[in-house]
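# Residue-level structure breakdown
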Amino acid sequence: MNQDRRDFLARSGKLLFLTGAAQLAFESVLRGEPEAAPNYRTTDHWWGMTIDVEKCIGCGNCVRACKEENDVPREPSCFRTWVERYHVPEGDIERPQVDSPNGGYDGFPEKYRAGDGSKNFFVPKLCNHCAHSPCVQVCPVGATFESPDGVVLVDKKYCLGCRYCVQACPYGCRFIDPRTETVDKCSLCYHRITKGLTTACCEACPTDARVLGDLKNPKDPIHEFLRTHKVQVLKPQMATGSKAYYNGLDGSVR
Amino acid sequence: MSDGLGHKGHLVRVAGLYAAGTAAFFVLRAFFVPAGFGAYGHYRAGAIDDNRARPVAFAGRAACVECHSDVPEAAKGGPHQAIRCEACHGPLAGHAADPAEKKAVRPDPRVLCARCHAANVARPARFPQVDVAEHSGGESCTTCHAAHNPKEPPPAAPPDPQKGGTK
């Protein structure tokens, strides 16, 4: 009985004074394994990415790296990141021709000719890790969420596979994993960035067209990039709070 | 018909129902709501750690350079110096963890180089690109170019990857 009261007081004390990560850390200290305490603090980070369209060469390294790193099904309907090729005919910005053969996984065989007055360029796409994500708002069970460090994650154990979020994402960044019938999407390589590594796509990008940035770290070069470039987010009219910042984005890109 | 409480019986029965309903709510809630749900928001707190648990496939340049410090030295000043090793060599965290167990495979230059340098109108105009067939005449790129520093000719005897590290 005495022991029970002690337990109760300890537990309620922790609940009262420690929250979230602090409680997790304190539990590993109590277990006698302080080294197991998480030293990555979610509240210290706010992740985003800059994408320089003018640097993208459409090599598809990011697409292949992402599939390797995150065990994404090889089907051409399953991409956590993909690259689109835009062909904007002369004077017709409203009707660009967009293709993405196998998401850019096998590169882009030459299809257009130079000198016809058209504009041609590549646009890498991925989850925009919105601060106000439409996909998170529609999930009926809380299986997708914005983590405290600004990454939109999926709880695969809790996802029902109802596909509401797939429809809600204005950027088409979600797909159903055919093996588990649950939703999958870019996790911004959460298993890497919380260990101090960059994402697989940024690691593999040969021209630094994509660069991961921590907006809460005042020394991160992302601040310099955002200050010195005219960046835009996709579909700004939807007020999603996107944190994928595009430099050199053409008006025809949707 | 009397349960001994008279008119109070009505109140007691309603109060009993209310108490039973409240108890049922807490029992069912404990049963259906997973552990940690709501600690940070409307989601399972453990899902954050689940997302962190995946093993890494790309070791990162720092891990490569620990053994292969000669490569960044050779690439220094060249157009490839800022490219991370695994951009061309593929994910090699397994090799970094146990170089004897998992060998790195030398990529085929004619496939690898063309991925970035084959001419394509959608590529930025200032990016170096060639018509591969015309430029190489079927020859391998590394006959004329050092892979790590393509402005230079290749080293006399390229190190054999089957013999392990280049250092």
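Whatever comes next refers back to the structure up there.
Residues numbered from 1 in each chain as written. Chains lettered and ligands numbered in written order. Predicted model: local features only at pLDDT ≥ 70, side-chain atom pairs only at ≥ 80, totals over all residues. Heavy atoms only, no water.

### Digging into the overall build of chain B
For clarity, the threshold we go by: In this text, helices come from DSSP runs of H or I with a minimum length of four residues, and strands from runs of E with a minimum of two, each type numbered from the N-terminal end. Two things to know: the radius of gyration comes from C-alpha atoms, and the globule rule equals 2.2 Å times the number of residues to the power 0.38. Three exposure classes are used, based on accessible area relative to the maximum for each residue type with a 1.4 Å probe and protein chains only: buried under 20%, partly exposed in between, and exposed over 50%. Here a residue-residue contact requires only that any non-hydrogen atoms of the pair lie within 4.5 Å. Methods summary: accessible areas were calculated by the Shrake-Rupley approach with a probe of 1.4 Å, and residue burial reflects only the protein chains presented. Only four residue types enter the tally: Lys and Arg on the positive side, Asp and Glu on the negative side, with His and both chain ends excluded. Lysine's charge is taken at NZ, arginine's at CZ, aspartate's at CG and glutamate's at CD.
Counting its secondary structure elements, chain B contains eight helices and zero strands. Helices and strands appear in chain B in the N-to-C order α-α-α-α-α-α-α-α. Over its C-alpha atoms chain B spans a radius of gyration of 33 Å, topping by over 25% the 15 Å that the globule rule assigns to 167 residues. When each of the 167 residues of chain B is scored for burial, the buried share is 20%. Considering only contacts within chain B whose residues lie at least 6 apart along the sequence, 44% involve residues at least 24 apart. Of the roughly 11300 Å² of accessible surface on chain B, a fraction of 63% belongs to carbon and sulfur atoms. The average position of the 19 basic charges and that of the 15 acidic charges among the side chains of chain B differ by 9 Å.

### A closer look at the sheet that holds strand S3 (residues 97-99) of chain A
Residues and elements named next belong to chain A. For clarity, the cut-off: DSSP bridges decide pairing: two strands pair if at least two such bridges lie between them. With axes taken as lines fitted to C-alpha atoms, and helix axes fitted only over the stretch in contact, angles between N-to-C directions fall between 0 and 180 degrees.
Strand order in this open sheet of three strands is S3-S2-S4, and the pairing throughout is antiparallel. Looking at which strands have only one partner, the edges of the open sheet turn out to be S3 and strand S4 (119-126). Here the strands of the sheet are splayed against their neighbours by 25 degrees on average, with no regard to which way each runs. Of the strand pairs in this sheet, strand S2 (residues 81-88) and S3 are connected by three bridges, and their pairing is antiparallel. Pairing of Arg85 across the sheet is with Asp99, part of S3.

### Description of helix H3 (residues 61-70) of chain A
Counting buried positions along H3 of chain A gives nine out of ten residues, so the element sits mostly inside the fold. Of all the residues in H3 of chain A, the buried ones are Asn61, Cys62, Val63, Arg64, Ala65, Cys66, Lys67, Glu69 and Asn70 of chain A. Buried residues along H3 of chain A sit in contact with S2, helix H6 (190-193), helix H7 (200-204) and strand S9 (210-214) of chain A together with helix H5 (85-89) and helix H7 (109-117) of chain B. Just downstream of H3 of chain A, Asp71 of chain A is the residue with a positive phi angle, here 50 degrees.

### So, a nonpolar patch on the surface
All names here are of chain B. For the record, the criterion: Only residues whose relative accessible area exceeds 30% and that take part in no salt bridge are eligible for patches, with like-charged residues grouped when within 9 Å of each other and nonpolar side chains (Val, Leu, Ile, Met, Phe, Trp, Tyr) grouped when within 5 Å. Each salt bridge in this description consists of a side-chain nitrogen of Lys or Arg and a carboxyl oxygen of Asp or Glu lying within 4 Å of one another.
Nonpolar side chains collect at one region of the surface, where Leu28, Phe31, Phe32 and Val33 lie side by side and expose about 440 Å² of accessible area between them. Structurally, Leu28 is set in helix H1 (residues 8-32). Judged by its relative accessible area of 46%, Leu28 is partly exposed.

### Examining the packing of aromatic side chains
Two measures describe an aromatic ring pair: the distance that separates the ring centres and the angle between the ring planes. Residues and elements named next belong to chain A. As a reminder, the rule being used: A pair of aromatic rings is counted whenever rings of Phe, Tyr or Trp (Trp by its six-membered ring) have centres within 6.5 Å, and the orientation is called stacked for planes under 30 degrees apart, edge-to-face for over 60 and tilted otherwise. Definition used: whenever NZ (Lys) or CZ (Arg) falls within 6 Å of the ring centre and also within 35 degrees of the ring normal, the charge is taken to sit over that ring.
Under the criterion given, the structure shown has six aromatic pairs over all chains. Ring geometry for Tyr86 and Phe121: centres 5.4 Å apart, planes at 5 degrees, overall stacked. Taken as a pair, Tyr86 in strand S2 and Phe121 in strand S4 lie far apart in primary sequence, 35 residues in all. No difference in accessibility class separates Tyr86 from Phe121, as the two residues are buried. Between Phe108 and Phe122 the ring centres are 4.8 Å apart and the planes differ by 50 degrees, which places this aromatic pair in the tilted class. Of the two residues, Phe108 sits in the loop between S3 and S4 while Phe122 sits in strand S4, which places them 14 residues apart along the sequence. You can call Phe122 buried: its relative accessible area is 0%. Lying across the ring of Phe79, Lys67 places its NZ or CZ 4.1 Å from the centre.

### Notes on the interface of chain B and chain A
Counted only if it meets this: Buried area is calculated as the accessible area (1.4 Å probe) missing from two parts once they are joined, with the contributions of both summed.
The interface is formed by 36 residues belonging to chain B together with 54 residues belonging to chain A. Overall, the association of chain B and chain A removes approximately 3600 Å² of surface from exposure, summing both partners, and the carbon and sulfur fraction of that is 56%. Counting across the chain B and chain A interface gives three salt bridges. Of the charged contacts, one joins Lys157 of chain A and Asp50 of chain B as a salt bridge, the two residues approaching to 3.2 Å between their closest N and O atoms. Those elements giving two or more residues to the side of chain B that touches chain A turn out to be helix H2 (46-52), H5 and H7 of chain B. At six residues, H2 of chain B tops the list of elements feeding residues into the side of chain B that touches chain A.

### A word on the pairing of S2 of chain A
Residue and element names in this part refer to chain A. Counting buried positions along S2 gives eight out of eight residues, so the element sits mostly inside the fold. By the alternation rule, side chains of S2 split into Thr81, Val83, Arg85 and His87 and Trp82, Glu84, Tyr86 and Val88, which are all buried. Sheet topology note: the S2/S4 ladder contains eight bridges and is antiparallel. Looking across to S4, one finds that Thr81 is bridged to Leu126.

### Some words on the pattern of salt bridges
All names here are of chain A. This model, assessed by the stated rule, comprises 20 salt bridges over all chains. Here Asp92 ties to Arg95 by a salt bridge, and the two come within 3.4 Å at their closest N and O atoms. Among the residues examined, Arg95 registers a relative accessible area of 58% and is labelled exposed. Through salt bridges with shared partners, a single ionic network connects Asp71, Arg80, Lys156, Asp177, Arg179 and Asp184.

### Some details on H7 of chain B
Since the α-helix turns once every 3.6 residues, residues separated by three or four places project in the same direction. Residues and elements named next belong to chain B. Rule in force here: Throughout, the arc means that of the directions going from the helix axis to the C-beta atoms. For the purposes of these results, a polar contact is taken to be a pair of N or O atoms within 3.5 Å, where, inside protein, one atom must be able to donate a hydrogen and its partner to accept one; residues adjacent in sequence count only when each atom of the pair is a side-chain atom.
Looking only at H7, the buried set comprises Pro109, Leu112 and Cys116. Here the buried residues of H7 occupy an arc of 80 degrees about the axis, which is enough to place them on one side. Buried residues in H7 make contact with H5. Where H7 begins, one side-chain oxygen reaches toward the backbone nitrogen of Arg110, 3.2 Å away; that side chain belongs to Asp108.

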